[in-house]
Amino acid sequence: MRVFKRGFSILSQPNPRIFVALDVPTAEEALQLVSSLQHLPLHYKVGMQLFYQEGLPLVQAIQAKTGKTVFVDLKLHDIPTTVANAAEVLLKNGVCFFNCHCMGGLEMMQTLAKRVRTVSESLTLPEKPTVLGVTVLTSMDEAALKRDLQVGQTSEDYVVSLARMAQDAGLSGVVCSAREVAALRAACGNDFVLLTPGIRLDSGDHQDQKRVMTPIQALQNGASDLVIGRPITHAADPVLAAEDIIASLGAIEL
Ligand code: C5P
């Protein structure tokens, strides 16, 4: 495994990115939050709530304002052609970081990956597209996996099998819990993106998240990038919370 020394810690992945989940209802609130965090090395995630309200114009406004990566988290999950067509629209509108559900299956992910390759060849994009497969939601524990989805494997084994399928299909990486990152690094290698939501700072209230970990633990396990929402957006002082999170990473370069 390649290692990159960053101060006190040893990471398998250089320059991780932190995406702040802008799970707020309006463009005004999102842009206010983005402005207040502008001095920090952060990127942004627009999920379903904000996207369905404000759409691509807001994504483009955040890109223009910050010059940072905006992850459009719509978790595409449909028949292969529909997913590939949706991806083409995203790319043509300058969205270079988005995701689908691995549970859409191999053919869906292959068709998506192929379309992303062809469309990117014909466009000048601001960055190389990153398309991730969502494995098992971090809000699901093993009991829910068994009870609701009839999956008899451990969550780690199931996540690894979904990630291998995403890699075979040609996706850039997966969204997973930090708890599965070490197993995924071993299974999928160092060049596969492992982005982890379900980041929590302490043993307090995790809201609906179940498979959680702290930012530093997630990165030391081998996560490439983190998604952090409510620990920042619901904090009494979101800017201070974000600064504390960055400080908790010590000398890791973001
Ligand atoms: O507020 P919190 O830190 O839990 O936010 C996590 C964000 O990551 C949410 O926007 C959620 O939609 C997203 N997400 C997730 N689990 C996944 C994929 C995405 O929590 N597996």
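Structure report, in brief. Just so it is clear, the structure is predicted and the values come from calculations on it, not from any experiment.

1. A word on the overall build of the protein
Helix and strand content of the protein: ten helices and ten strands. The C-alpha radius of gyration computed for the protein amounts to 17 Å, which stays within 12% of the reference 18 Å derived for 254 residues, consistent with globular compactness. Structurally, the protein occupies a C-alpha span of about 45 × 40 × 35 Å along its principal axes. Sequence separation of 24 or more characterises 70% of the internal contacts of the protein that already satisfy a separation of 6 or more. Counting only carbon and sulfur atoms, one obtains 52% of the accessible surface of the protein, whose full area is about 11,300 Å². Here the protein carries 22 positive and 26 negative side-chain charges, and the mean point of each set is 5 Å from the other.

2. Here's the deal with the pattern of salt bridges
Tallying each qualifying case throughout the model produces nine salt bridges. Notably, a salt bridge pairs Asp73 with Lys75, separated by 2.9 Å at the nearest N-O pair. Asp73 gets classed as buried once you look at its relative accessible area, which sits at 6%. Note that Asp148 and Arg147 form a salt bridge whose closest N and O atoms lie 2.9 Å from each other. Under the relative-accessibility criterion, Asp148 is labelled partly exposed at 45%.

3. Considerations on the site of the ligand
The full set close to the ligand counts 17 residues, and Asp23, Lys45, Arg200, Gln209 and Arg230 are the nearest of them. Between the ligand and the protein, one listed contact pairs an oxygen atom with a side-chain N or O atom of Arg200 at 2.8 Å. The contact in question runs from an oxygen atom of the ligand to an N or O atom on the backbone of Arg230, over 2.7 Å. Starting from 460 Å² of accessible surface for the ligand in isolation, the protein chains cover 88%. Spatially, the ligand is embedded in the largest pocket. Every element with two or more residues in the shell around the ligand is listed here: β5 (70–76), β10 (225–228) and α9 (230–233). Among the residues making up the shell around the ligand, the classes are represented as eight nonpolar, three polar and six charged.

Calculation notes
Residues numbered from 1 in each chain as written. Predicted model: local features only at pLDDT ≥ 70, side-chain atom pairs only at ≥ 80, totals over all residues. Heavy atoms only, no water. Helix = DSSP H or I, 4+ residues; strand = E, 2+ residues; numbered from the N terminus. Rg over C-alpha atoms; globule rule 2.2 N^0.38 Å. Contact = heavy atoms within 4.5 Å. Areas by Shrake-Rupley, 256 points an atom, 1.4 Å probe, with all protein chains shown as cover. Lys, Arg positive; Asp, Glu negative; His and termini not counted. Charge placed at Lys NZ, Arg CZ, Asp CG, Glu CD. Salt bridge = Lys/Arg side-chain N within 4 Å of Asp/Glu carboxyl O. Buried < 20%, exposed > 50% of the residue type's maximum accessible area, 1.4 Å probe, protein only. Near = heavy atom within 4 Å. Polar contact = N/O pair within 3.5 Å; in protein donor to acceptor, adjacent residues only side chain to side chain. 1 Å grid on protein atoms, 1.4 Å probe; cavity = no way out; pocket = protein on both sides within 12 Å on 5 of 7 lines; lining within 4 Å. Sits in = over half its atoms within 2 Å of the grid points. Nonpolar A, V, L, I, M, F, W, Y, C, P; charged D, E, K, R; others polar.

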